[in-house]
Amino acid sequence: MDGRDQEWSVTTIARDVNSGTRSATAVVGESLARARAYDKIQPQVWIDRPAESELLAQAEIIDRRIAAGEVLALAGVPVAVKDNIDVVGLATTAGCPRFAYRPERSATVIEHLTAAGAIVLGKTNLDQFATGLVGTRSPYGAVGCVFNREFISGGSSSGSAVAVAAGIVPLALGSDTAGSGRVPAAFNHLVGFKPTRGRWSTRGLVPACRSLDCISTLTTNAADAALVDAVLARFDAEDSFARRAPSRGPSIGARFRFGIPQQGQLADLAPDDARCYAAASAGLQAIGGSPVVVDVATLIQAARLLYGGPWVAERVAVADEMLQNHPNTIHPVVRSILQAAKGLSAVDAFRGLYAQQGYARIAEELWERIDVLLLPTTPTIYRLSEVLAEPYELNAQLGVYTNFVNLLDMSAIALPAGFRSNATGVGMSLIGPAWADANLLALAGRYTPCLKFPVPPLDTQSRPARVQLAVVGAHLSGMPLHWQLSSRCARLIQHTRTAPVYRLYAMTAQTPAKPALVHAGAGGAAIETEIYELDLAGFGSFVNEVPAPLAIGTVLLADGSSVKGFVAEPRAIIGALDITADGGWRAYISRSAATAQTSGASP
């Protein structure tokens, strides 16, 4: 099962179904079988799929249309759709169950695809509200790279990328505001095409940043992306952000100039990524490109505006009601980003717009020197455990070469560029000015055949069963009993908080000092916790050492999920000090130490 089989490409399937050498029914049946098989490996790829009988009935309609003499550009092509894009008959969740609604009409792009003969196989997982480049910020589960599931899939179009890379479908729709289509394309050895803003309709897309959003494609080759672009690139009067394409866009000839950064401006590349970048540059030269050294420092500075400027406030627009009335239904990382944005003012917004315009003017001058810019899609990749432990900074690092593209009104296509020693994909991006889309696709079609990589097998290994454990006291990192976790090779998965239903007490007569976490319902609060993962043997031996009146039970987390964790018997709080107001054990210990230092007593 591999999406790189040419018989499983968009172009080949459409050709075969139109010619009658394959039926749409057979293609959809095979896609469903592939989905069922991969469900055993990563069931979290999908949020929802229609009944198989319904999909086969849709395929039969396509077969009848072909038999009646119609020619359909995407005849019988199964497509996965990121679950922030409306599809009639399926709920749109944007990765947040509380937000879910059932649209009365499909998004414009879905209407165009299905009219051309494509069949929506289902809705895919994503970083909640398309806020993230990692694929881990979802209550439906974190999605891993198809080649090595210890590493992230990239996001926010995580499920869409994996559905194509695993060979379930040959085409998936994502969305791209900061790189959300290009980053997962890179990690999973795919082509991720982000058109010029407004080239494709975004009506029916749950906004991330409405003024910057683009719907994007994930495919295994550039020809497939070009075919989809031919179907979707049309003006939509119902989309207030749609733009009419100029009669002629920027051209890229047989001989062309491509920009490469000044020495030292790619210093953050991991060794494997640097090797692949050098090979990509050589590949462009082999097809007629001349490298031109350019200064990309301004572009990198502009990239910081997307999360460090007022555009993060634009993300609040779609989730503001939930943020105010149901904040605990939002993923903790996403919630913290949105809450921080609430402090931005209209003055901040105008300052950001002024900065954006200044960066855009400098970028315009760039296109006088080059026809296309070659950049890494990302500087590196991270393990799932690393991103869960540090969800902000690592996510930001992944967007350093993608965030500026939409802000500065550019078009881009991410292309496979090789593999790291850990088997994860490396991507390179061809970036052009607005409306260079057709020429970028054509250049990508010329370029990719020059790059031949042995593709590693899909990671289908079963992982040893592991258990997640919430700790709130003496087992936190840096605390006296943390060694009981580290000695069992426990991995830190996440810093988070419990659901706001607990009270925390400092127990008496405990050495070392320990807290008791007690479920209190509406009278409780959210308590700081760390989530660790242990194998079954390590978890079993750990539980065996937990002394009364503590016990291991089930702890509810802020995102609505639950894990195993420390709870306490009622006797634990007899004579204990209620420290709930501190918000966690670490804060209480710090406060106690400060008080003791002031009074001269021991804490």
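The following refers to the structure shown. Computed from a predicted structure; not experimentally measured. (Residues numbered from 1 in each chain as written. Predicted model: local features only at pLDDT ≥ 70, side-chain atom pairs only at ≥ 80, totals over all residues. Heavy atoms only, no water.)

### Here's the deal with the nonpolar core
Buried together is how nonpolar side chains tend to be arranged in soluble globular proteins. To be explicit about the condition: By convention a nonpolar core is built from buried Ala, Val, Leu, Ile, Met, Phe, Trp, Tyr and Cys residues, the set being connected through side-chain atoms within 4.5 Å. Residue burial is assigned from relative accessible area. The probe radius is 1.4 Å, only protein chains are included, and a residue is buried under 20% of its type maximum, exposed over 50%, and partly exposed in between. Here, residues are in contact when the closest pair of their heavy atoms is within 4.5 Å.
Leu373, Phe404, Leu408 and Leu430 are the most contacted members of the largest nonpolar core, which has 124 residues in total. Beyond its immediate sequence surroundings of up to four residues, phenylalanine 404 is in contact with Leu299, Ala302, Ala303, Leu375, Met410 and Ile431.

### Side note on a nonpolar patch on the surface
So the rule is basically this: Any residue with relative accessible area above 30% and no salt bridge may belong to a patch, with like charges joined within 9 Å and the nonpolar Val, Leu, Ile, Met, Phe, Trp and Tyr side chains within 5 Å. Accessibility throughout is a Shrake-Rupley quantity obtained with a 1.4 Å probe, and a residue counts as covered only by protein chains that appear here. Definition used for salt bridges: Asp or Glu carboxyl oxygen within 4 Å of a side-chain nitrogen of Lys or Arg. Secondary structure follows DSSP: runs of H or I at least 4 residues long count as helices, runs of E at least 2 residues long count as strands, and numbering of each begins at the N terminus.
On the surface, Phe350, Leu353 and Tyr354 cluster together into a nonpolar patch covering about 350 Å² of accessible area. In this structure, phenylalanine 350 sits in helix 14 (residues 346–366).

### Description of the sheet that holds strand 19 (residues 577–578)
For sheets, the rule is that strands pair by backbone hydrogen bonds, running either parallel or antiparallel. To keep it simple, the criterion reads: Only when DSSP finds a minimum of two bridges between them are two strands counted as paired.
Strand order in the open sheet formed by three strands is 15-14-19, and the pairing between neighbours is antiparallel. At either end of the open sheet lies a strand with only one pairing partner, and these are strand 15 (515–519) and strand 19. Bridge analysis of strand 14 (residues 502–506) against strand 15 gives five bridges, and the strand direction is antiparallel. By the bridge assignment, tyrosine 502 is partnered in strand 15 with histidine 519.

### Re the packing of aromatic side chains
Definition in use: Note on ring pairs: Phe, Tyr and Trp rings are taken, using the six-membered ring of Trp, and paired if centres are within 6.5 Å. Classes follow the plane angle, with under 30 degrees stacked, over 60 edge-to-face and the rest tilted. In this analysis the charged atom, NZ for Lys or CZ for Arg, is taken to sit over a ring once it is within 6 Å of the ring centre and within 35 degrees of the ring normal.
For the coordinates displayed, the defined rule picks out eight aromatic pairs. Taken together, a centroid distance of 5.7 Å and an interplanar angle of 70° make the contact between phenylalanine 193 and tryptophan 200 edge-to-face. Tryptophan 200 matches phenylalanine 193 in its accessibility class, with the two residues each being buried. Grouping aromatic residues by their ring pairs yields a cluster made of Phe99, Tyr101 and Phe129. Directly above the aromatic system of phenylalanine 235 lies the positively charged group of arginine 244, at a separation of 3.8 Å from the ring centroid.

### With respect to the side chain of arginine 315
Here is the rule we go by: Under the convention used here, Asp and Glu are negative, Lys and Arg are positive, and both His and the chain ends fall outside the count. Here a polar contact means two N or O atoms within 3.5 Å. Within protein one must be a hydrogen donor candidate and the other an acceptor candidate, and residues neighboring in sequence count only if both atoms are side-chain atoms.
Of note, arginine 315 is situated in the loop between helix 11 (311–314) and helix 12 (316–325). It turns out arginine 315 is buried and unbridged, and the closest side chain with the opposite charge, aspartate 213, is 6.3 Å from it. A distance of 3.2 Å separates the side chain of arginine 315 from the backbone oxygen of alanine 130, its partner in a polar contact. With near-sequence residues (within four places) excluded, arginine 315 lies in contact with Phe129, Ala130, Thr131, Thr177, Ala208, Cys209, Tyr307 and Leu338.

### Considerations on helix 3 (residues 52–67)
Every α-helix winds through 3.6 residues per turn, so residues three or four apart in the chain are directed the same way. Let me state the cut-off plainly: A helix's residues, less one, multiplied by 1.5 Å, set its expected span. It is the directions from the helix axis to the C-beta atoms whose arc is reported.
With 16 residues, helix 3 should cover 22 Å at 1.5 Å per step; its first-to-last C-alpha distance of 23 Å lies within 8% of that length. Of all the residues in helix 3, the buried ones are Leu55, Ala59, Ile62 and Ile66. On an axial view of helix 3, the arc spanned by its buried residues comes to 55°, and they lie on one face. Summarising the geometry of helix 3, the exposed residues directed more than 90 degrees from the buried face are Ser53, Arg64 and Ala67. In this fold, the buried residues of helix 3 make contact with helix 1 (10–19), helix 2 (24–39) and strand 3 (119–124).

### Things to note about the sheet that holds strand 1 (residues 46–48)
The cut-off we apply is this: A fitted line through C-alpha atoms represents every axis, and for helices the fit uses only the stretch in contact; the resulting angles, taken between N-to-C directions, go from 0 to 180 degrees.
Spatially, the eleven strands line up as an open sheet ordered 1-3-2-4-6-5-10-11-9-7-8, and their pairing is mixed. Of all the strands in the sheet, the pair left with one neighbour each is strand 1 and strand 8 (289–294). In this sheet, adjacent strand axes meet at a mean angle of 30° when their direction is disregarded. Sheet topology note: the strand 7 (residues 256–261)/strand 9 (residues 372–376) ladder contains two bridges and is parallel. Looking at the pairing, glycine 259 lines up with leucine 373 of strand 9. Where helix 4 (residues 108–115) meets the sheet, it contacts strand 2 (78–82), strand 3, strand 4 (171–176) and strand 6 (214–219), and its direction lies at approximately 165° from that of strand 4. Taken strand by strand, helix 8 (residues 271–286) contacts strand 7, strand 8, strand 9, strand 10 (410–419) and strand 11 (425–433), and its axis lies near 165° from that of strand 7.

### With respect to the environment of glutamate 368
Locating glutamate 368 in the fold gives a position in the loop between helix 14 and strand 9. Spatially, the C-alpha atoms of glutamate 368 and leucine 205 are 34 Å apart, while their sequence positions differ by 163 residues.

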